[in-house]
Amino acid sequence: IILFCLSQTSFGQTSDSLEFNKELSDSIIRMGKLDQTASGLPINEMTWDEFTIYKDSIFHLNYSQIKTIFNSHGYLGYKEIGQSAETYYWVIIQHCDFDITFQSNVLVSMKTQVVKNNANSRHYGLLYDRVMINSSKKQLYGTQVQYNTNLGKAYPKPLADSASVNERRKSLGMDPLEVYLNSMSEMHYK
């Protein structure tokens, strides 16, 4: 399906010259929904090992397709694929932790779209932090967390300049870190 959609677009275009593409948008949404089933808990009677194999296969399949799309068009935003597909486009890229170079390249293109208000700035902050943590660096926005299971509480992984984290978060339209950590704690608890 994705190959059909790619054949309907002009290769080599950047997202600046691409108009809304319904087929591409629909394909990314389908991929994103599949990604979300692989991001949750085991399906039906799957064991954790079976689910891990399933999840890895979905993430790698989506990776190969989304990387082809990205290499052809750059980071696609609202104008090109709509808000729902932009969210799924980003979340699929978030789950490509096995290729930090790819995620880093996406960040460069994504930032351009955020500046143009053509992509979600919060998504940019989440991906930025994920790349930093996966590169053994400190994050800027405090979005990557770990949990103290004894206290049932989320806290940020290594954070640069924690004193001004809420200013940086606000610049991307994010809630204060304290609010975010409380919501992550609650979600993890559930």
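Provided above is the structure to which this section pertains.
Residues numbered from 1 in each chain as written. Predicted model: local features only at pLDDT ≥ 70, side-chain atom pairs only at ≥ 80, totals over all residues. Heavy atoms only, no water.

Participant: Please clarify how the overall build of the protein should be interpreted in this entry.
Facilitator: A count of helices and strands for the protein gives eight helices and two strands. Order of helices (α) and strands (β) in the protein, N terminus to C terminus: α-α-α-α-α-α-β-β-α-α. In terms of C-alpha radius of gyration, the protein reaches 17 Å, essentially the compact-globule figure of 16 Å for 190 residues. Dimensions along the principal axes, computed over C-alpha positions, put the protein at roughly 50 × 45 × 25 Å. Sequence separation of 24 or more characterises 57% of the internal contacts of the protein that already satisfy a separation of 6 or more. In the form shown here, the protein has an accessible surface area of approximately 10400 Å², with 54% of it arising from carbon and sulfur atoms. Between the centroid of the 18 positive side chains of the protein and the centroid of its 19 negative side chains there is a distance of 5 Å. (Helix = DSSP H or I, 4+ residues; strand = E, 2+ residues; numbered from the N terminus. Rg over C-alpha atoms; globule rule 2.2 N^0.38 Å. Contact = heavy atoms within 4.5 Å. Areas by Shrake-Rupley, 256 points an atom, 1.4 Å probe, with all protein chains shown as cover. Lys, Arg positive; Asp, Glu negative; His and termini not counted. Charge placed at Lys NZ, Arg CZ, Asp CG, Glu CD.)

Participant: Can you help me understand helix α3 (residues 48-73) in this one?
Facilitator: Residue pairs spaced three or four apart in an α-helix point in one direction, given the helix's 3.6 residues per turn. Taking 1.5 Å as the rise per residue, α3 with 26 residues should run 38 Å; its terminal C-alpha atoms sit 36 Å apart, in good agreement. Every buried residue belonging to α3 is among F51, Y54, I58, F59, N62, Y63, Q65, I66, I69, F70, S72 and H73, and all of these are buried. G74 lies just past α3 and shows a positive phi near 75 degrees. (Expected span 1.5 Å × (residues − 1). Buried < 20%, exposed > 50% of the residue type's maximum accessible area, 1.4 Å probe, protein only.)

Participant: What is the right way to look at the environment of I58 in this model?
Facilitator: Summarising the element assignment, I58 is placed in helix α3. According to the relative accessible area criterion, I58 is buried, its value standing at 8%. Linking I58 and Q36, residues 22 residues apart in sequence, is a C-alpha distance of 9.7 Å. With sequence-adjacent residues up to four places away left out, I58 is seen in contact with L34, D35 and A38.

Participant: What's the story with unusual backbone geometry in this structure? I'm lost.
Facilitator: Only a minority of non-glycine residues have a phi that is not negative, and only a minority of peptide bonds are not trans. The backbone of N117 shows a phi angle near 60 degrees, a positive value even though the residue is not glycine. In this structure, N117 sits in the loop between α5 (100-115) and α6 (121-134). The backbone phi angle of S136 is positive, close to 60 degrees, even though this residue is not glycine. Among the secondary structure elements, S136 is positioned in the loop between α6 and β1 (145-148).

Participant: In this structure, what is going on with the side chain of E80? I would like to understand it.
Facilitator: Here E80 is to be found in helix α4 (residues 78-94). Relative accessible area serves as the criterion here: at 1%, E80 is assigned to the buried category.

Participant: For this particular structure, what's the right way to read the packing of helix α2 (residues 22-39) against α4?
Facilitator: Between two packed helices, what matters for the description is the angle formed by their axes and the separation of those axes. Between α2 and α4, the least distance of the axes is 8 Å, while the angle of their chain directions is 45 degrees. What the angle tells us is that α2 and α4 run oblique. For the crossing formed where α2 meets α4, the hand is left-handed. Mapping the contact onto sequence places L24, S25, I28, I29, M31, G32, K33, D35 and Q36 in α2 and I81, S84, A85, Y88, Y89, V91 and I92 in α4. Here the contact of α2 with α4 is built from residues that sort into 10 nonpolar, four polar and two charged. (Axes fitted to C-alpha atoms, helices over the stretch in contact; angles between N-to-C directions. Parallel < 35°, antiparallel > 145°, perpendicular 65-115°, else oblique. Left-handed = near helix turned anticlockwise from the far one by under 90°. Nonpolar A, V, L, I, M, F, W, Y, C, P; charged D, E, K, R; others polar.)

Participant: Mind showing me how you'd approach the pattern of salt bridges here?
Facilitator: Opposite charge on two side chains makes pairing possible when the charged atoms of those side chains draw close. For the coordinates displayed, the defined rule picks out five salt bridges. One salt bridge connects D26 with K22, and the closest N-O pair in it is separated by 3.0 Å. Taken together, the positions of D26 and K22, both in helix α2 and four residues apart, correspond to about one turn of that helix. Residue D26 is classed as partly exposed on the basis of its relative accessible area of 27%. A salt bridge links D161 to R168; its shortest N-O distance comes to 3.4 Å. Judged by relative accessible area, R168 falls into the buried class, the value being 15%. (Salt bridge = Lys/Arg side-chain N within 4 Å of Asp/Glu carboxyl O.)

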